[in-house]
Structure formats: structure tokens, C-alpha cells
Amino acid sequence: MNIYFDMNIYNRIFDDQNQLRIKLETIAIDMIFELVEEGQHQLCWSFMLEDENNDNPYLHRKSYIKKLSQICSATIGPDQDIKTLAKSIMEKSKIRVKDALHLACAVNNKCNYFITCDDKLIRNIYKNEDFIMRLIGETLIMNPVDFMRKELSTDGLE
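Here the structure is a predicted model, which is why all the values come from computation and not from measurement.

Scoring rules and cut-offs
- Residues numbered from 1 in each chain as written.
- Predicted model: local features only at pLDDT ≥ 70, side-chain atom pairs only at ≥ 80, totals over all residues.
- Heavy atoms only, no water.
- Helix = DSSP H or I, 4+ residues; strand = E, 2+ residues; numbered from the N terminus.
- Rg over C-alpha atoms; globule rule 2.2 N^0.38 Å.
- Contact = heavy atoms within 4.5 Å.
- Areas by Shrake-Rupley, 256 points an atom, 1.4 Å probe, with all protein chains shown as cover.
- Lys, Arg positive; Asp, Glu negative; His and termini not counted.
- Charge placed at Lys NZ, Arg CZ, Asp CG, Glu CD.
- 1 Å grid on protein atoms, 1.4 Å probe; cavity = no way out; pocket = protein on both sides within 12 Å on 5 of 7 lines; lining within 4 Å.
- Points joined across faces, edges and corners; volume = space filled by probe spheres on them.
- Patch = residues over 30% accessible without salt bridge, like charges linked within 9 Å, V, L, I, M, F, W, Y side chains within 5 Å.
- Salt bridge = Lys/Arg side-chain N within 4 Å of Asp/Glu carboxyl O.
- Phe/Tyr/Trp six-rings, centres within 6.5 Å; stacked < 30°, edge-to-face > 60°.
- Buried < 20%, exposed > 50% of the residue type's maximum accessible area, 1.4 Å probe, protein only.
- Lys NZ or Arg CZ within 6 Å of the ring centre and 35° of its normal.

Draft legend 1. Spatial organisation of the overall build of the protein. When its secondary structure is counted, the protein shows 9 helices and 5 strands. Listing every helix and strand of the protein by position from the N terminus yields β-α-α-β-α-α-β-α-α-β-α-α-β-α. A globule of 158 residues ought to have a C-alpha radius of gyration of about 15 Å, and the protein, at 15 Å, matches this closely. For the protein, the spread of C-alpha atoms along the three principal axes comes to 40 × 35 × 30 Å. Within the protein, residue pairs in contact and separated by at least 24 positions form 75% of the contacts whose partners lie at least 6 positions apart. For the protein, the accessible area works out to roughly 8600 Å², and carbon and sulfur atoms hold 50% of it. Counting 20 positive and 25 negative side-chain charges, the protein places the averaged centre of each group 7 Å from the other.

Structure representation (C-alpha cells):
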């Protein structure tokens, strides 16, 4: 199973861990990384993630994320199909350019999951569900906690 993380997933560990939601998301993200390291899932990196990480003003964060990117099994480069898909996503929704490009990267690489902590992005996708779902096909968009809840239930642990 291929997974694409939005950049906020990589940065979540640096957020205020005293907030319960952030702490739960961080734990779920750590669990997903463990699944990737165990070979149960593959993680995809992209030119968008690379660009955003290069723009990170915090050198220790940038370095940490760069190390995490090394466990990715695929790197998605820019191409016209991604740009066209991102443009289509933006035309029919309120999804911003970078978010649309990230989502287009995941879809173009046939990722099963696009995982993000961005509630506004998730709401925008499901608000425009009919149109967006036709564009993104089989790619499911989830919060990391919801993803792990699904993973645990499919393993018969729930």
C-alpha cells in the first residue's frame, strides 16, 4: 500500500505536544512510520515535499525531515499530468495551490492514502466530494489518527 504524507505530517512532531490532539496525531504518525519501516506500507516523497522542506527556515527541522524522506520508496517528480490535475482540483474547490499539487502527486503516483493533519483541506475535499472523488479515484484522504484506527480495525484488533 502506497501512502503520501502532506508536509504537516513531517512537521507534527515539532508542534506543541501538550495539546491532546497534536499528541495523538504524533503518536499515530510514529505508528505509521513503524509500519513503513517494517515494510507493511510504502511511503512516497515528492518534488513538492522537497521544495517545502527546502524552504523550512528551521535547520534542525529541515535536517530531520530530510532524514525521514530517505525511507520513502518512491520520489514523485514534476510532470504535466500533475499540474493539470492540480489545476482541475483548484478550479472546482477552494483547495490552495500547494495542497492541490500535493494531492495531485499522490493521485498521479496511485497512492492508496493521502494523509494530512489539515482539517480544512479534508473538509474542502469532502465538501466537493462528487467532483473531487472523480478526479482522485481510489486515493483516500485521512487524518493520521483515522488511518491508524482503520489499520487497527482491519487487523482485527478492534
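What follows picks up the thread again.
Draft legend 2. Here's a closer look at the environment of Lys-92. Position of Lys-92 relative to the elements: it lies in the loop between α5 (80-91) and α6 (97-108). The sequence separation of Lys-92 and Asn-128 amounts to 36 residues, and the corresponding C-alpha distance is 7.6 Å. Once you skip the residues sitting within four places of it in the chain, Lys-92 turns out to touch Asn-128 and Phe-131.

Draft legend 3. Representation of the environment of Ser-73 within the structure. As for its position among the elements, Ser-73 is in the loop between α4 (59-69) and β3 (74-76). Taking the C-alpha atoms as reference points, Ser-73 and Arg-61, 12 residues apart in sequence, are found 21 Å from one another. Other than its neighbours up to four places away in sequence, Ser-73 contacts Gln-42 and Leu-43.

Draft legend 4. Fine view of the layout of surface pockets. Here the largest pocket defines a volume of roughly 190 Å³. Of all elements in the fold, only α1 (7-11) and α3 (47-54) reach the threshold of two or more residues within the lining of the largest pocket. Here the lining of the largest pocket gets 3 residues from one element, more than from any other, and that element is α1.

Draft legend 5. Summary view of a positive patch on the surface. Positive charge collects at one region of the surface, where Lys-94, Lys-120, Arg-123 and Lys-127 lie side by side. Within the element layout of this structure, Lys-94 appears in the loop between α5 and α6.

Draft legend 6. Up close: the packing of aromatic side chains. Under the criterion given, the structure shown has 7 aromatic pairs. Arranged with centres 5.3 Å apart and planes meeting at 80°, the rings of Tyr-10 and Trp-45 form a pair that is edge-to-face. With Tyr-10 in helix α1 and Trp-45 in strand β2 (residues 42-46), the pair connects residues that are 35 residues apart, well separated along the chain. Under the relative-accessibility criterion, Tyr-10 is labelled buried at 1%. Of the residues examined, Trp-45 reaches a relative accessible area of 3% and is grouped as buried. Between Phe-14 and Tyr-64 the ring centres are 5.5 Å apart and the planes differ by 85°, which places this aromatic pair in the edge-to-face class. With Phe-14 in the loop between α1 and α2 (20-37) and Tyr-64 in helix α4, this residue pair connects regions lying 50 residues apart in the sequence. For Tyr-64, a relative accessible area of 33% corresponds to the partly exposed category. The structure contains a cluster of three or more aromatic residues connected by ring pairs, namely Phe-5, Tyr-10, Phe-33 and Trp-45. Positioned over the ring face of Tyr-58 is Arg-61, at 4.4 Å from the centre of the ring.

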